[in-house]
Amino acid sequence: VSTQSTGRNWHPDCFYCFGCGNNLPQGNFFTNEEQTKAYCETCYYGLFAPKCAECGKAIIGDESMDLLGRVYHVDCPKCHFCKDKLPMEFYSIDNYPACGVCMRRKIIEDEKKAKTGGK
């Protein structure tokens, strides 16, 4: 019995994940783009899937959203400044998502700086 992957034949007991070294179940593996290395599901998504800008975990499937050029899990976006859950209506401060409260603070801060000459 053999498993064919990466253009080579392997005994099932000799077929390991390139990432973690665990034995790969027959037929349950992923390969890199060049199809030269085989990976288990966990290693494959950990290495090749896009990462959420908030939690840093792999984004798998369609459960993602793009905000200001960054990709997030649907439930992850938070205000970059206060870390509260980001409301549907949000703002951008220095190209980071911000809630209304933090946006108002930024406006007040900028007005004070303008009145005092940047101090």
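Calculation notes
Residues numbered from 1 in each chain as written. Predicted model: local features only at pLDDT ≥ 70, side-chain atom pairs only at ≥ 80, totals over all residues. Heavy atoms only, no water. Disulfide = S-S within 2.5 Å. Buried < 20%, exposed > 50% of the residue type's maximum accessible area, 1.4 Å probe, protein only. Helix = DSSP H or I, 4+ residues; strand = E, 2+ residues; numbered from the N terminus. Contact = heavy atoms within 4.5 Å. Phe/Tyr/Trp six-rings, centres within 6.5 Å; stacked < 30°, edge-to-face > 60°. Salt bridge = Lys/Arg side-chain N within 4 Å of Asp/Glu carboxyl O. Pairing = 2+ DSSP bridges.

A. Structural detail: the state of the cysteines. Inspection of the entire model under this criterion finds zero disulfides. Counting only cysteine sulfurs, C17 is the nearest neighbor of C20, a cysteine outside any disulfide, at a range of 3.7 Å. C99 takes part in no disulfide bond, and the closest cysteine sulfur, belonging to C102, lies 3.7 Å away. Judged by its relative accessible area of 8%, C99 is buried.

B. Structural detail: the environment of C17. With respect to the helices and strands, C17 occurs in the loop between β2 (8-10) and β3 (30-31). In contact with C17, other than residues within four places in its own chain, are N22, L24, A38, Y39, C40 and C43.

C. Main features of the packing of aromatic side chains. Applying the stated rule across the entire model yields seven aromatic pairs. When the ring of Y39 is compared with that of F48, the centres are 5.4 Å apart and the planes differ by 75 degrees; the resulting orientation is edge-to-face. Judged by relative accessible area, which is 5%, Y39 ranks as buried. The class for F48 is partly exposed, based on a relative accessible area of 42%.

D. Geometry of the pattern of salt bridges. This structure, assessed with the given rule, holds one salt bridge. K106 is paired through a salt bridge with D110; the nearest N and O atoms lie 3.3 Å apart. Linking K106 with D110, this pair stays in helix α2 (residues 100-116), spanning four residues, or about one helical turn.

E. Just the pairing of strand β5 (residues 64-67), in detail. Sheet analysis places β5 next to strand β6 (residues 70-73), joined by four bridges and oriented antiparallel. Opposite D66, over in β6, you have V71 as the bridge partner. The loop that links β5 with its antiparallel partner β6 comprises two residues; one of these, L68, has a positive phi angle of about 55 degrees.

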